Every structure is written in C-alpha cells, then in structure tokens.
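# A closer look at the structure
Here are the chains, one letter per residue:
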Amino acid sequence: QEANVGVVGLAAMGASLARNLAHHGNRVAVYNRTYKRTEAFMQEYGSEGVFIPSQTVKEFVESLSVPRTAIIMVKAGEPTDQVIKELAEYMEQGDIIVDGGNAYFEDTIRREKEMAKLGIHFVGMGVSGGEEGALNGPSMMPGGSDWSWNTLKPILESIAAKAPDGEPCVAHIGPNGAGHFVKMVHNGIEYADMQLIAESYDLMRRGLGMAPEQIGDVFAQWNETELDSYLVEITAEVLRKRDEKTGKPLVDVIVDHAGMKGTGTWTVQTALSLGVPVTGIAEAVFARGLSDQTQLREQAQKDPFNGPDASLALDDEAKQAFIELIRQALYASKIVAYAQGFNEIAEAGKVYGWDIDMAQLARIWRAGCIIRAKFLNRISDAFESGAADVSLLFAPYFKQALENCEAAWRKVIATAVEHGIPTPVFSSSLAYFDGLRAKRLPAALIQGQRDLFGAHTYQRVDEPGAFHTLWAEPGQKEIQVSH
Ligand code: NBP
C-alpha cells in the first residue's frame, strides 16, 4: 500500500501534522532521522490512521505514490537543506517537496531554483498555530508554483483550520518565497501584538497596582470587544494561572527574560532592507532583547537610576476609567502594527514580483494561527474594497477607530512616561501616526545637515532638480547639481 503524502521530521510539529493528515483520510508515509522517534510515534499514534513508517529516506520515497508529495518539518536552516538533498536523490521529475518549517524566504527562493533544475516542485509553506494548530487545523501559507498548489490544495484544505464562515485557512500566496515571507511577517506582527499586551499588563500591574488575576479578568472582558483575539484570550488564561509549587500567580515565578527564535528579527531586518518602517515590530523585538540583557539589568538594579514612582495612585473609579483608556491605546497601536506588517508585505510583493492578495491573506489568518483575531474580517474587507491600497490606516473603519482612540492613546503614553513605565510599542506606534499627520517633517533639516557635511544635495520645494549649497562661501550660494 502506497502513501499519498509523506512527512519528514516527527518532532512536535511534524508528528502533529502527520496525525492531522491521517485523521483526514490520507495515507501518510513518515520518516525521522533518528528512527527511535519514528518508533515512538508509531507506538503512540499508529492506530489513529494509516501510517507507513520508513527507516531510510530511500524507503520513505519509495513508499509514496507518484507524483510524490513530501512535507518537511525539521529544524530550519542547515537541517532543511540536508533533508532536501537526501529527498532529491531519490525523487523524480514532477514530485513535490514542501518545506513547512520556518525557513528564511531567501533560502526558499534559492531552494526552489535548485529543485527546479531537477524538475522537482519546491513549495515553501508557512505553517502557523504551533503544535496544537498543526494537529487540529493550522493556518497555512504555501508559496511555489500554481501546478504544485493545484495538487496540494485538496490535501491542505482538508487539514487547515476553518474560519467562522467555514473557509479553510490556506491559500496559495504566490511563487517561490512568498509563503515563507508572509509567515515571517505574521510572526513579526505576533511580536508586536504580544508586546502591546505586555505593556497594557505592566500599566495595570505597576501603574494601577492590580493583581494578575484581576488583570486576567480585564483581558477576558476585552476579548468581548473589538480586541477579540487568540492572544488576548490566552493572556487572561496565563494571568489567572497559579503556580502549583508556591501558590503564587504563575506570572510572578516566571523569569522575565523573553526568548525568540529569529522570525521577528528577520521581519525587521527585511523591512530595513526594503525601506519600510515597521516601528511597532522593531520595538517589540528590541523589548525582548532588553529583557535578556542580564548584565545591564543587574547593573541597573545594583546602581539604580532615580526616577518616578510607577504607581498612579488612583481611586477605584479613576482606575476603571484608566483601564478603558489602556484598552483604546492597545487597539490603536495594534492597528498600526498590523498596517505596518501589511505594508512590508506589499513592498516585498513589488520587489520580488509576487501578486499577493491581501484580503485573502487576512482571511486565512482568521483561524488556526497565533494572530487570529476578529478584526481580521475588517482588515480583509478593507483590502477587498481597495480602501487599504496605500495603508490599512486609511480604510474608513480603521481611520475612524484611530480617531476614536487617539485621545486615550496620548493620555496613556503621557501617563506612562510620567510614571516611568516603558511603553515602546504604544509610543512608537503613536509616533508613526503623528509622523503621518505632520504636513512637514524635520527631514528637511536632516537633508540640510547631510548637504553641509557630505554634499549629499537636496531637492527644493519650488523647483525640480538636485541642489547643493556652497556652505563655506559667504552669502547664500547654491548650485544646481542635476535636473
Ligand atoms: P525542531 O525545530 O525542534 O526540529 C527537530 C526535528 O528536526 C527532528 O525531527 C530532528 O530529527 C530533525 N532534524 C534535525 Br534537528 N537535524 C536534522 C538533519 N540534519 N536531518 C534530518 N532531520 C533533522 O522541530 P519542531 O519544533 O517540530 O519544528 C519543525 C519546524 O516547524 C521548524 O522549522 C520550526 O521552526 C517550524 N515551526 C514550529 C512551530 C512551533 O510552534 N514549534 C510553529 C511553526 C513552525 P531527530 O529526531 O533525528 O533529531
């Protein structure tokens, strides 16, 4: 009996995806470098469906029906290259290799080219939702050729998460690295969203002196508003959890150093090379970085800086009012973070020649993935109608939301600054918004400085061309450098 699809790599993600495939009637070939893991998998889950285990890559490839489809779920980077090389040795023209790991999109572009030379279709596919999602329905973002998509579509649609309207959360994003690119930005947005939630928590915890459980209740209430999302929902759960060992709120016994695996950093690095400001995501990555600066932080405790008291010392009524302001600041900042992420995708689409359907992308993020949120329906509508062509911020629904939240946004940030509570993503998002509002930016001064020290030239508001001022000469001497 042959398998119609195979999975290479049976760690958390691969095992869950293989089981999900089997639960939906697929015959699934499974292979893992260390055979012990395959044996353990078969022992634990073998009875859940049809699995065909192999000890070698050769056997694995031979167990697949032609044209073969193999999904790789191994550690990103070198291990992925190694597995691709091994598979390609036994695979033939017309076969499909899907990389479901968190690959860097430039690697995906390179791998697709290499495989195309052998006639093998290579699909870089972003998979979101973690282990749970992979098992019960992830959101999937495949790149690669149209041909591969047509073959993969029925399989992927069967295992994908379903949005509330029943639509499967998978779509062909575009050629070569497009799928891994949007997955990378998805993770970048996730960083910003998580940091915004953490800043809101910090304001309530230190500013309003609330207990974690109380704050958990606030997040649970917020989840009934336009903030309805997976991340807000799990925040309530985390904050309400007590440590079994000490009986303290769990959040208080967790070391306050945030880890990261790299996709947030890639999102920012790529945005820098594309020239797209993703200030919210960048500040979120840096905030995790600061949390992990052990030496700096220890020194700052040993030799403390003077500063204000974090407590706002508000009575109950004022506290409730301030909580609502935080909610609005969170919503406004969140809109900016998503808008910036979509801008990065749009710019990459132009540079790499991908024709990415943003409305569809927002739709497949409505379920299965970590940033799933109710307001993705609104985002999708905004792109569908063309109102978000320049930026999501100009779509009437979001413009109105920003304007409604604006006063609260400022008040929260001003208060945070006064009380010494850092809100880097709140603040940078508002700065971006105000940067857009400004009719003239101080960038004109920067151009003047650049012309003075480096003869970098500037453009004039009243005449086309590039100009350079002869700064050392007396009087206003200016030469036109080009038209
Ligand atoms: P890991 O990223 O921890 O990778 C472990 C797997 O890679 C094992 O099956 C291991 O085989 C295999 N492997 C390694 Br390491 N080096 C190999 C090599 N040279 N040749 C063959 N196999 C090799 O697993 P994971 O957490 O399940 O994640 C899988 C992929 O999915 C990653 O790219 C990850 O970034 C991505 N992803 C993860 C999540 C998540 O929430 N965890 C979400 C979305 C995407 P062994 O058993 O022989 O050591």
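Up top is the structure.
Keep in mind it's a predicted model, so treat the numbers as computed, not measured. (Residues numbered from 1 in each chain as written. Predicted model: local features only at pLDDT ≥ 70, side-chain atom pairs only at ≥ 80, totals over all residues. Heavy atoms only, no water.)

## Side note on the packing of aromatic side chains
Within the structure shown, the criterion is met by 19 aromatic pairs. Seen from their ring centres, Tyr331 and Phe375 are 6.2 Å apart, and the 55 degrees between their planes marks the pair as tilted. Of the two residues, Tyr331 sits in helix H15 (residues 316–352) while Phe375 sits in the loop between helix H16 (358–364) and helix H17 (376–384), which places them 44 residues apart along the sequence. Of the two residues, Tyr331 and Phe375, neither departs from the other in class, the shared state being buried. What links up through ring pairs into an aromatic cluster is the set Tyr104, Phe105, Phe181, Trp266, Tyr352 and Trp354. Its guanidinium or amino end placed over the ring of Tyr45, Arg19 lies 3.8 Å from that ring's centre, counting from NZ or CZ. The cationic tip of Arg288 hangs over the ring face of Tyr191; the distance from NZ or CZ to the ring centre is 3.7 Å. (Phe/Tyr/Trp six-rings, centres within 6.5 Å; stacked < 30°, edge-to-face > 60°. Helix = DSSP H or I, 4+ residues; strand = E, 2+ residues; numbered from the N terminus. Buried < 20%, exposed > 50% of the residue type's maximum accessible area, 1.4 Å probe, protein only. Lys NZ or Arg CZ within 6 Å of the ring centre and 35° of its normal.)

## A closer look at the side chain of Asp193
Inspection of the secondary structure assignment puts Asp193 in helix H8 (residues 178–207). Beyond its immediate stretch of four places on either side in the chain, Asp193 contacts Leu231, Lys334 and Tyr338. (Contact = heavy atoms within 4.5 Å.)

## Points about helix H10 (residues 230–240)
What H10 keeps buried is the set Leu231, Val232, Thr235, Ala236 and Leu239. For H10, the arc enclosing every buried residue in end-on projection is 145 degrees, short of the 170-degree limit, so these residues lie on one face. Along its buried surface, H10 packs onto H8, helix H9 (212–222) and helix H11 (250–253). (Arc of directions from axis to C-beta.)

## Here's the deal with the site of the ligand
Met13, Asn32, Thr34, Arg37 and Val74 are the nearest of the 21 residues found near the ligand. Interatomic distance of 2.8 Å between a backbone N/O atom of Met13 and an oxygen atom of the ligand. At 2.9 Å from an oxygen atom of the ligand is found a main-chain nitrogen or oxygen belonging to Val74. When the free accessible area of the ligand is taken as 910 Å², the share hidden by the protein chains comes to 79%. Broken down by secondary-structure element, the contributors of at least two residues to the shell around the ligand are helix H1 (12–23) and helix H4 (78–90). (Near = heavy atom within 4 Å. Polar contact = N/O pair within 3.5 Å; in protein donor to acceptor, adjacent residues only side chain to side chain. Areas by Shrake-Rupley, 256 points an atom, 1.4 Å probe, with all protein chains shown as cover.)

## Some thoughts on helix H19 (residues 424–437)
For H19, with 14 residues, the first-to-last C-alpha span of 20 Å sits near the 20 Å given by 1.5 Å per residue. Here H19 has its buried residues at Val425, Phe426, Ser428, Ser429, Leu430, Tyr432 and Phe433. Considering only its buried residues, H19 is in contact with H8, helix H13 (279–291), H15 and helix H18 (396–418). (Expected span 1.5 Å × (residues − 1).)

Keep in mind these numbers describe shape, not what the thing actually does.
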